[in-house]
Amino acid sequence: MSEGLPGNPGPTLQRIYDELEPDERESVMIRLLDGSSAERLALVLRKHGHSVSASTIRTYRRSLLEA
């Protein structure tokens, strides 16, 4: 399992992150942390075969703020 995502990502985000190539991981991490639209990020990931909801992304972001 990859250790790249900060905090405690849920299993869906961790699985997706682990499946990505290194350059894709960097891009996704930036988008997860920069406040980009969760809906847009979820859409892009789904278009590339990674099933995730915007709600999952928002939950992860909230968990980072609470830590």
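The preceding data block contains the structure.
Within each chain, residue numbers correspond to sequence positions counted from 1 in written order. Predicted model: local features are reported for residues with pLDDT of at least 70 only, side-chain atom pairs are reported and counted for 80 or more only, and whole-chain, interface and lining totals are derived from all residues. With hydrogens and water set aside, each side-chain value is computed from the structure's full complement of heavy atoms.

Bringing the nonpolar core into the picture now. Across soluble globular proteins, nonpolar side chains have a tendency to be buried as a group. Take the buried Ala, Val, Leu, Ile, Met, Phe, Trp, Tyr and Cys residues and link them wherever side-chain atoms come within 4.5 Å; each set so joined is a nonpolar core. The classification of residues rests on relative accessible area computed with a 1.4 Å probe and restricted to protein chains. Under 20% of the type maximum is buried, over 50% is exposed, and intermediate values are partly exposed. With 15 residues, the main nonpolar core has L32, L45, V52 and I57 as its most contacted residues. Note on conventions: DSSP H or I runs of at least 4 residues are helices, E runs of at least 2 residues are strands, and numbering of each starts at the N terminus. Contributions of two or more residues to this core are made by α1 (11-19), α2 (22-33), α3 (38-47) and α4 (54-66). Sort the elements by how many residues they give to this core and α3 lands first, with four residues. In what follows, a contact means two residues having at least one pair of non-hydrogen atoms within 4.5 Å. Dropping the residues within four chain positions of it, L32 is found in contact with L5, L41, I57, Y60 and R61.

For the rest of this paragraph, the subject is α4. Expected helix span is given by 1.5 Å per residue-to-residue step, counting one fewer step than there are residues. In a regular helix each residue adds 1.5 Å, so 13 residues correspond to 18 Å; α4 covers 19 Å between its end C-alpha atoms and thus fits that length. Taken together, the buried positions of α4 are A54, I57, Y60 and R61. Buried residues of α4, seen end-on, are gathered within an arc of 125° and therefore sit on one face of the element. Tucked inside the fold, the buried residues of α4 contact α1, α2 and α3. Taking the helix axis as origin, the arc is that swept by the directions to the C-beta atoms.

Turning next to the pattern of salt bridges. Each reported salt bridge corresponds to a side-chain nitrogen of Lys or Arg within 4 Å of a carboxyl oxygen of Asp or Glu. The full count for this structure, using the stated rule, is three salt bridges. R15 serves as the salt-bridge partner of E19, at 3.5 Å between the closest nitrogen and oxygen. Here the residue E19 and the residue R15 both occupy positions in helix α1, the gap between them amounting to four residues, near one helical turn. What makes R15 partly exposed here is its relative accessible area of 36%.

This part is about the packing of aromatic side chains. Ring pairs shown here join Phe, Tyr and Trp side chains whose ring centres sit within 6.5 Å, with only the six-membered ring taken for Trp; geometry is labelled stacked below 30 degrees between planes, edge-to-face above 60, and tilted in between. Evaluated as defined, the whole model comprises zero aromatic pairs. Note on criteria: charge over ring means Lys NZ or Arg CZ within 6 Å of the ring centre, with the direction from the centre no more than 35 degrees off the ring normal. For the cation-ring pair, R25 lies above Y17, with the distance from its terminal atom to the ring centre recorded as 5.3 Å.

On to the environment of R25, then. Position of R25 relative to the elements: it lies in helix α2. C-alpha separation for the pair R25 and G4, spaced 21 residues apart in sequence, amounts to 8.3 Å. As used in this structure description, the phrase polar contact means that two N or O atoms lie within 3.5 Å; if the pair is within protein, one of them must be able to donate a hydrogen and the other to accept it, and residues adjacent in sequence are counted only when both atoms belong to side chains. A polar contact of 3.0 Å, which involves the side chain of R25, links it to the backbone oxygen of Y17. A polar side-chain atom of R25 sits 3.1 Å from the main-chain carbonyl oxygen of L20.

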